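# Reading the structure
So the chains spell out like this:
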Amino acid sequence: MGSTDSKQKLGERVIAARRKLEDDMKLQSERSDDLMAKSPKTMQFMLSSIESSFKNYAPFLEPTLLIAWSADKDKCEDIVVNACKKVLSAPITPDEYDWFKVYVLPSSIWMLKTKDDRYMYQELMDIAQSMSHSIIETMDSVYGHLRKHDKWDQLMAIKEETIVSRQDDKKVGMLQDKGIMDVADIKDDDEKMALQTFIDAHAAINSLTVSAKIIDREFQNYVKTMMGRYGTFKAAPMKKVERCLSKLENDYASEQYPKSAKLLDLVRCSVTFNTLEQLIQGFDAIKTHVDSSQQSMKLARVKNGFLDPDYVGGYRDIKINVIFHSAMHPEIKMICEIQLILSQFLHEKKRIHKLYSIAREETYFQMVVMAQKAATNTTDVKKLKFEPVLDVSRDVTAAKSVKGKCSIDSASGLLGIEDDNRNFLVYNMDQKKVIFQHALSFTAYTDMTRGGFSHEWIEWQGRKHVSVQTEPHIIRTFAVAGGFSEVESLRITLPDTDAINFCAFDKQSNRIFMVRNKSLLEERSLQDVKSVAKSIKLEQQIGTSNLNPLSLTQDGAWCAIGGGQGRNYFYLIDIAKNTQYKLVTTTLGNGHGKGGVIPCFINGKAKFVAIGGAKGKFEIWDVKTRKACKFLACTKEGSINCLSSKNNILAIGNTKKTLNLWDVRDWQMFYEKETKVEPTSIHLSEDSKYLTVSGWNGEKCLVFKTNSV
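Bear in mind that the values here come from a model prediction, so they are computed numbers and not experimental data.

Rules used in this analysis
- Residues numbered from 1 in each chain as written.
- Predicted model: local features only at pLDDT ≥ 70, side-chain atom pairs only at ≥ 80, totals over all residues.
- Heavy atoms only, no water.
- Helix = DSSP H or I, 4+ residues; strand = E, 2+ residues; numbered from the N terminus.
- Salt bridge = Lys/Arg side-chain N within 4 Å of Asp/Glu carboxyl O.
- Buried < 20%, exposed > 50% of the residue type's maximum accessible area, 1.4 Å probe, protein only.
- Pairing = 2+ DSSP bridges.
- Axes fitted to C-alpha atoms, helices over the stretch in contact; angles between N-to-C directions.

### Topic: unusual backbone geometry
Omega for the peptide link from tyrosine 257 to proline 258 comes to -5°, which places this bond in the cis form. Within the fold, proline 258 resides in the loop between α10 (241–249) and β3 (268–273). One non-glycine residue, serine 688, lies in the positive phi region at around 60°. Tracing the backbone through its elements, the reader meets serine 688 in the loop between β33 (678–684) and β34 (690–696). Of note in the backbone geometry, asparagine 697 takes a positive phi value of approximately 55° without being a glycine. In this structure, asparagine 697 sits in the loop between β34 and β35 (701–708).

Below, the structure is given as structure tokens:
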């Protein structure tokens, strides 16, 4: 409850959209089949009608669009995509944009596949990204021009400072009610966390919004009187509760209770200036006023968005947070925000805002598609058969020795190979040849605590990429469609004295998580890989591991890290709450001599985690209770080197050169195969279409394709 409310609302949207999609597809199929049999010309007429609707931005009914899609999928795709490009190109016309928002954006068509085997929503995201990039370039050009201004040094002299950064600071005094603060004394950590989360999102935010509503008009009038002669004043609407919840869950997830105290812009306004001179004069006027004010307004914080020349995003302003003391309601002090904006940036900001509102829908579209896939994935895993389709030792001569990770991307049929001969290879399964190769500056197996098991196939901005750790301190990302050209904005570079030990991405490919120097778990957003979004120091540095001891849930909320060689414990980390638990197994010994115990979240969910150890034994731990609830064993007693779990399958590889597959619904082993390779890595593709096993000697890497019996 509590801060999960916005996620719950998103989840409700996703459920409703999935039901709508199912109903729409059923109706489309029935109507299309009927029309194709009885009146094919009607389908062509509906296609022409939709083409006219999109050309003239005229209203239409969604069944007509879906029938048109059935009539000619490729042409309909072009009609929709081209219209969206025109609507979202500058200048964005309000009437055309409203038509897009009302009739096009809510359509189920975005969850359908394109002729390039992508989803239509990915095409939309590409359009929004492309248009946004153009606007950002314009804003960067404005910034470059400003740097030549004779007042530039004065702008750079406005330094950032933070005096007060929370609404519950003593200088402000909000959120001090006993009803909010009493839960801090609860002894049970789990109960305390649950109650704090609920109270933060309900009582605390409600308290802030009530105070904000009471003082909003008074604050706006106060600032307008003070700043009206310097620039164009505009009162901004109060921040919506849904947006507040989102910031608690994302921006302030690691802040101390109450997290809502970090909401400093519920009451806000802006002042726009035509020239740089006017903006500097406006800033000086506010600074002079707050310095001389005895009661009404004191400075809390200054953020100068013009200071960082490497900032990615284009838009820049100066944000001043002030402690406003209401004269009409003296019992209320509250931190409010004043934005100082140059008119050139404001104009571009208005253009890009509509594009951002579309880009923010990407998570929603992804969740609908994922939910639909999950709903249709009813395959009984026990009825699957596994057909070997590739033996790397025989079929890929460029791979001299494979001891690191191998994985296949189902959609593209590309196999990533971490060669122990200091190379990363991409092998095209259809073309039967290596199509990309990049040198690694470390040996993939013998130096795992300085990098290894690192490559990931990711979707970024609607396009397929592969991310690879190429040096102990560097991760590079390559665009598949661009001939594997590196995307430099996604390169992560640490000081060369540091090492990235292990890394993983969340399923949405929005965030990367890294173990750094065996002692830190770091989270970074792909929107800004140069910045560390979160850093959690492990209670004890992990030991050496020549296997992969890192497992991450699909949503990036939890991770598990094995303690390392010769250690019988692992860390279970609640990333969102910044909480870690050191859990000791008493039945697995010290795990594998080369890697300790190896964790893997079952189905990528934060419900159960499997822990592999010595003599073919493994345990299933309940994440909530943090206790082992099942004790199982493979038929061969080799130490477990690697695990992978997706779609109700748990795949296990051990030192006895054996592959075991378990059905996690009843914990029955349903498949066993002896190999010549000793597995050090095992990988199930997202759709479980491919199973990849790689490691020491033998076949080096085996790729199995799954088929229903």
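### Section: the pattern of salt bridges
In total, this model carries 29 salt bridges according to the counting rule given. Residue glutamate 51 is joined to lysine 75 by a salt bridge in which the shortest nitrogen-to-oxygen separation is 3.6 Å. Remark: lysine 75 occurs in helix α4 (residues 73–87) and glutamate 51 occurs in helix α2 (residues 40–56); sequence separation between them is 24 residues. Under the relative-accessibility criterion, glutamate 51 is labelled partly exposed at 34%.

### Structural notes on the sheet that holds strand β24 (residues 579–584)
One open sheet holds the four strands; their spatial order is β21-β22-β23-β24, and the pairing between them is antiparallel. Two strands in the sheet have a free side with no partner beyond their single neighbour: β21 (550–552) and β24. When the angles between neighbouring strand axes are averaged without regard to direction, this sheet yields 15°.

### A closer look at the pairing of β33
Of all the seven residues making up β33, seven are buried; the element is thus mostly covered by neighbouring parts of the structure. As paired strands, β33 and β34 are joined by six bridges and run antiparallel to one another. In the strand pairing of β34, isoleucine 682 is matched with valine 693. In textbook terms, the turn of a hairpin is the stretch between consecutive antiparallel strands, and for β33 and β34 this stretch comprises five residues, one of which, serine 688, has a positive phi near 60°.

Fair warning: the whole summary comes from geometry, so function is off the table for now.
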